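Okay, here's what each chain looks like letter by letter:
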Amino acid sequence: MPSLSLDESRKRADLLAVTSYDITLNLAGDDRTFASSTTIKFVARETGDTFVDVKPKQLVSARLNGIPLDVDELHDGRLSLSGISGEHELVIDAVMGYRTDGEGMHRAVDPADGRSYTYAMSFLDAAPYIFACFDQPDLKARYSVQVVCPEDWVVVGNGRSEQVEPGHWVLATTEPLSTYFVTVVAGPYHVIEAEHDGIRLGLECRASLAEHLEREADEILTITRQSFDELHRLFQIRYPFGDYHQAFVPEFNAGAMENAGCVTFRDPMVFASRPTRYERTGRATTIAHEMAHQWFGDLVTPIWWDDLWLNESFAEYMGNRVSHDATEFDDAWVDVAFSRKRWGVEADQRPSTHPVAGTGAADAAAALQDFDGISYAKGAAVLKQLNTRVGDDVFFAGVRDHFTRHRFGNASMHDLFASWESAGAGNLDEWINGWLRTAGLDLLQLDRTGPGPRISRTAPTTFPADRQHAMSVAYHNGIDWTRNALVVETAATPVPDTADRPVILDPGEDTWARFALDDLTVAALPNLLPTMVDPLMRAATWNAVRDATANALLGPSVALDLVGVALPHESEDQGVNALGKFALDQLAGKLHPDPVEVLRVLHLAAMRRVTTVAPELYVQLTAMRVAIASCSDNGLLNEWLAGNGLPAGVQLDLDLRWRILIRLAGLGATDRSNLGKHLDQETTTQALVSYTRALSSLPDEEAKAYAWARFTGAAAASNYEIEAAGLGMWDVRQSEVTAPYVSRYFAEVAGTAAIRAGWALSDTARMFFPRLAVQAKTVEAAQQVLADRSLDASLRRVLADQTDDLSKAVRVRQTFAQ
């Protein structure tokens, strides 16, 4: 079906003003379809033609002002409305299909108890799969929703819900919302109720997760209360949407979705096993992120998707800031430095890089591809810079003015910056052009040649810009690190006091750039990294190491040596996780010529960390996960699986048990029967997903065919199971078994657009891309597919990015072949 274009949205917004929606959803029928009845009241400002969006299994009837419309005129999800003017009432009755890909009205069956759960995911253009609507962000309206469902179900949504009779729920009329914020969460959910500062709070999850949510509720609600208090303090505008539900729902694609008054989260955030610190920090920042959206996104919404950064960059910045300042998770910026920044820096170097703002999204489908590390991590980083530049008083005065001027409406980037400038920020045009309007990132490196050390600044040739970097420089004096503040604003900036000393650029992670390590510093790192106290400086150093390795500026063997000496001393579990992923996914998987040696070094380093850190610290758990993933000793893995010989302080739970089983499967040291027995003992969603990955990891043709059937859609599977199959599909030690699937991927990937859409289409193509087939011929095969102009746009984006990553890996192999 065609995606709404920017031009179409502008024409429709000029013509229409939408007053209200009255929606009734009947979820009490079969497990494949549901009835949807929608009454839309709207005004056409002048006589014109337009269309309403509706994507049903069957369009039963449509009546405009009581006059039937021809339902056969529904084409590609659009029902034409011709020659309309003045006030209108449009009533549409339809039979809609439940979906299993995390979009539209998703329906999932819990393997733990066989009970069904539903939730509505209207983002980005999925609302017409739930109810008829004018689906674009700048046609806001009030919503009144009723839900008919089984009598043992609970219903929550954007407005306060009330069960008026068994199986019949009525939700209070909302404030004006964009279509993509509308949600209903319905099923036999477990509910926890609370209150804070006059706001009724709710937590929801599947019944089988009830004991875990009860255990986690105090932490979740504490973060919620602290975040509300901090956001109220900063914004000085009350939360505007009544009750506030946080529903943890099954098989959710994103981390969470900011539906006004009813945020939906992926339910693995209700931890069934012992979590790491970085997982808890990630949940805290997500809670604060989604809450910030209630103002930036929900209260004031971008006019069009090319300003999506107004949503995501701001929420990302506020989520991290609020978590750091107002909750116990004051390591939020460390987590950003070790993980989120690398996500954004990688995205900013790919062919698909784009400006933070004004991405030029021609249609909604194209906009979805820009929900990436640039819109989140880079956008948040530059907003943090702006806050430092103008100060809190000006920054939040401008934000408050923006909220007040556009309350329950829509706005653009220009509106926000006008508010900032009127609050005293001054002229920001140069800053906007360099940081928001221009894609790419500068390369900063220490140049020790010439009369004295200096930092050279090189902008990408395809995206030239004159960007100022306010940062610091740390140098080691033989005993300790000394920092000097510095502003890099020319192509070469002198750096005093650094001659013949190891230097780390931007140790506080203050700017957005790539950083190259000079030879003197690289040579000193094996001695300096283990004693580097500041976690932000360590993260900055590892960001430089990872980037240099990926760009063939640092040998993978050198990088592996650094992992081996640094990981046993890493004090942050975010750092242990980042180093483990770098070694497993990049060095062993793609870049290093000897993956067996990578695993040996990594396993020894991880075990040293496991056995030398205090058991009560999260670092031990993270290091144990790395040790399992890198272990090649079948006997040791089986001992651990039996609960024997575990390091002091390590407890075998559901998560660790399946990690061991997945590793044994990859080594060919277990079989389907044994995996099935473990699944029978733990019939949970987490176990089923892990079982899928373990089966797909077995080193035989049957296993790869099993995984491939989930890629092609020949076998039905949830989105989580498909992702797990993709993770298990490829293994560098199984290249003989997987070799035929490399060519099959490129022959069959285009066809997946016929069975999937949205996130599910892109994510599946990404997970199954033959990322470990690091050969020039793989790159050539990918380029042949990309040459097909009929290739789906979202698939083109995924393949272009993955091919670029693979090309870089080939270059690393060629550069360091010796």
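Quantities reported herein were computed from a predicted structural model and do not represent experimental measurements.

Once that is clear, we can look at the overall build of the chain. When helices and strands are counted, the chain shows 26 helices and 27 strands. Scaling as 2.2 N^0.38, a compact globule of 818 residues should have a C-alpha radius of gyration of about 28 Å, and the chain matches this with 27 Å. Its C-alpha atoms give the chain principal-axis dimensions of about 80 × 70 × 55 Å. The buried share of the chain, taken over its 818 residues, is 61%. With the model as given, the accessible surface of the chain reaches about 30,100 Å², and the carbon-plus-sulfur share is 49%.

Before going further, it helps to spend a moment on helix α20 (residues 685–697). An ideal rise of 1.5 Å per residue puts 18 Å on 13 residues; α20 measures up with 18 Å between its terminal C-alpha atoms. Within α20, 10 of the 13 residues are buried, which leaves it mostly tucked inside the rest of the structure. Taken together, the buried positions of α20 are T685, A687, V689, S690, Y691, T692, A694, L695, S696 and S697. Taken together, the buried residues of α20 touch α18 (654–666), α19 (672–681), α21 (701–712) and α22 (719–729).

Moving on, we come to the sheet that holds strand β14 (residues 190–196). Spatial ordering of the open sheet is given by β14-β15-β16-β18-β17, a layout of five strands whose pairing is mixed. The sheet terminates laterally at β14 and β17 (256–257), the two strands that pair on one side only. Sheet analysis places β17 next to strand β18 (residues 262–266), joined by two bridges and oriented antiparallel. Each residue of the ladder has a partner; that of M257, found in β18, is T264.

Turning our attention to the sheet that holds strand β10 (residues 154–157). Taken in spatial order, the four strands line up as β7-β8-β13-β10 in an open sheet, and their pairing is antiparallel. Lying at the two open borders of the sheet, with one neighbouring strand each, are β7 (104–109) and β10. Averaged over all pairs of adjacent strands, the angle between their axes in this sheet comes to 10°, without regard to strand direction. In the sheet, strand β8 (residues 116–121) pairs with strand β13 (residues 184–187) via two bridges, with the strands oriented antiparallel. Directly across from T118, in β13, lies its bridge partner A186.

With that settled, consider the side chain of D331. Examined against the element boundaries, D331 turns out to sit in the loop between α4 (309–326) and α5 (332–347). At 3.1 Å, the side chain of D331 forms a polar contact with the side chain of Q574. Residues in contact with D331, not counting those within four places in the same chain, are R277, T281 and Q574.

Look at the link from F123 to L124: it is a cis peptide, with omega at -20°. Tracing the backbone through its elements, the reader meets L124 in the loop between β8 and β9 (142–148). The phi dihedral of Q236 falls on the positive side, at around 55°, and the residue is not glycine. Inspection of the secondary structure puts Q236 in the loop between α2 (210–235) and β16 (244–249). The backbone of D500 shows a phi angle near 60°, a positive value even though the residue is not glycine. With respect to the helices and strands, the residue D500 is situated in the loop between β25 (492–494) and β26 (503–505).

The N-to-C vectors of helix α7 (residues 374–390) and helix α8 (residues 392–405) enclose an angle of 120°; their axes lie 6 Å apart at closest approach. Where α7 approaches α8, its residues L383, L386, N387 and V390 are matched on the opposing element by D392, V394, F395 and F396. Residues of the contact of α7 with α8, tallied by class, amount to six nonpolar, one polar and one charged.

A few words now on the side chain of T264. Inspection of the secondary structure puts T264 in strand β18. Assessed through its relative accessible area of 0%, T264 is described here as buried. A distance of 3.1 Å separates polar atoms of two side chains, one belonging to T264 and the other to N259. Apart from residues lying up to four places away in sequence, T264 is in contact with T183, V185, A247, V249, F252, A256, M257 and N259.

Before going further, it helps to examine the environment of D480. Along the chain, D480 falls in the loop between β23 (469–476) and β24 (481–488). Here D480 falls in the partly exposed class, since its relative accessible area comes to 46%. Measuring from C-alpha to C-alpha, the distance between D480 and N674 comes to 54 Å, with 194 residues separating the pair along the chain.

On to the pairing of strand β12 (residues 168–171). Here β9 runs beside β12; their pairing, made up of four bridges, is antiparallel. Its bridge partner being in β12, Q146 is matched across the sheet by V170.

Locating T684 in the fold gives a position in the loop between α19 and α20. The class for T684 is partly exposed, based on a relative accessible area of 29%. Once residues within four sequence positions are removed from consideration, T684 is found in contact with P111, A112 and L654.

Further remarks concern the packing of aromatic side chains. Enumeration according to the criterion identifies 44 aromatic pairs in this entry. With centroids separated by 6.0 Å and ring planes inclined at 80°, the aromatic side chains of Y21 and F131 adopt a geometry described as edge-to-face. Linking Y21 in strand β1 (residues 16–26) with F131 in the loop between β8 and β9, this pair joins segments that are 110 residues apart in sequence. Judged on exposure class, the residue Y21 and its partner F131 are both buried. On the basis of an interplanar angle of 70° and a centroid distance of 4.9 Å, the ring pair of Y117 and Y189 is categorised as edge-to-face. Taken as a pair, Y117 in strand β8 and Y189 in the loop between β13 and β14 lie far apart in primary sequence, 72 residues in all. Accessibility assignment for this pair places Y117 and Y189 in one class, buried. Positioned above the aromatic ring of Y129 is the side chain of R99, whose terminal nitrogen or guanidinium carbon lies 4.4 Å from the ring centre. Seen from the ring of Y706, R710 lies directly overhead, with NZ or CZ sitting 3.7 Å from the centre.

With that settled, consider the state of the cysteines. In the structure shown here, the tally under the stated rule is zero disulfides. In this structure C149 is a free cysteine whose sulfur lies 14 Å from that of C262, the closest cysteine sulfur available. For C149, a relative accessible area of 5% corresponds to the buried category. Free of any disulfide, C205 has its nearest neighbouring cysteine sulfur in C262, separated by 14 Å. Using a relative accessible area of 0% as the deciding quantity, one classes C205 as buried.

What counts, and where the lines are drawn
Residues numbered from 1 in each chain as written. Predicted model: local features only at pLDDT ≥ 70, side-chain atom pairs only at ≥ 80, totals over all residues. Heavy atoms only, no water. Helix = DSSP H or I, 4+ residues; strand = E, 2+ residues; numbered from the N terminus. Rg over C-alpha atoms; globule rule 2.2 N^0.38 Å. Buried < 20%, exposed > 50% of the residue type's maximum accessible area, 1.4 Å probe, protein only. Areas by Shrake-Rupley, 256 points an atom, 1.4 Å probe, with all protein chains shown as cover. Expected span 1.5 Å × (residues − 1). Contact = heavy atoms within 4.5 Å. Pairing = 2+ DSSP bridges. Axes fitted to C-alpha atoms, helices over the stretch in contact; angles between N-to-C directions. Polar contact = N/O pair within 3.5 Å; in protein donor to acceptor, adjacent residues only side chain to side chain. Nonpolar A, V, L, I, M, F, W, Y, C, P; charged D, E, K, R; others polar. Phe/Tyr/Trp six-rings, centres within 6.5 Å; stacked < 30°, edge-to-face > 60°. Lys NZ or Arg CZ within 6 Å of the ring centre and 35° of its normal. Disulfide = S-S within 2.5 Å.

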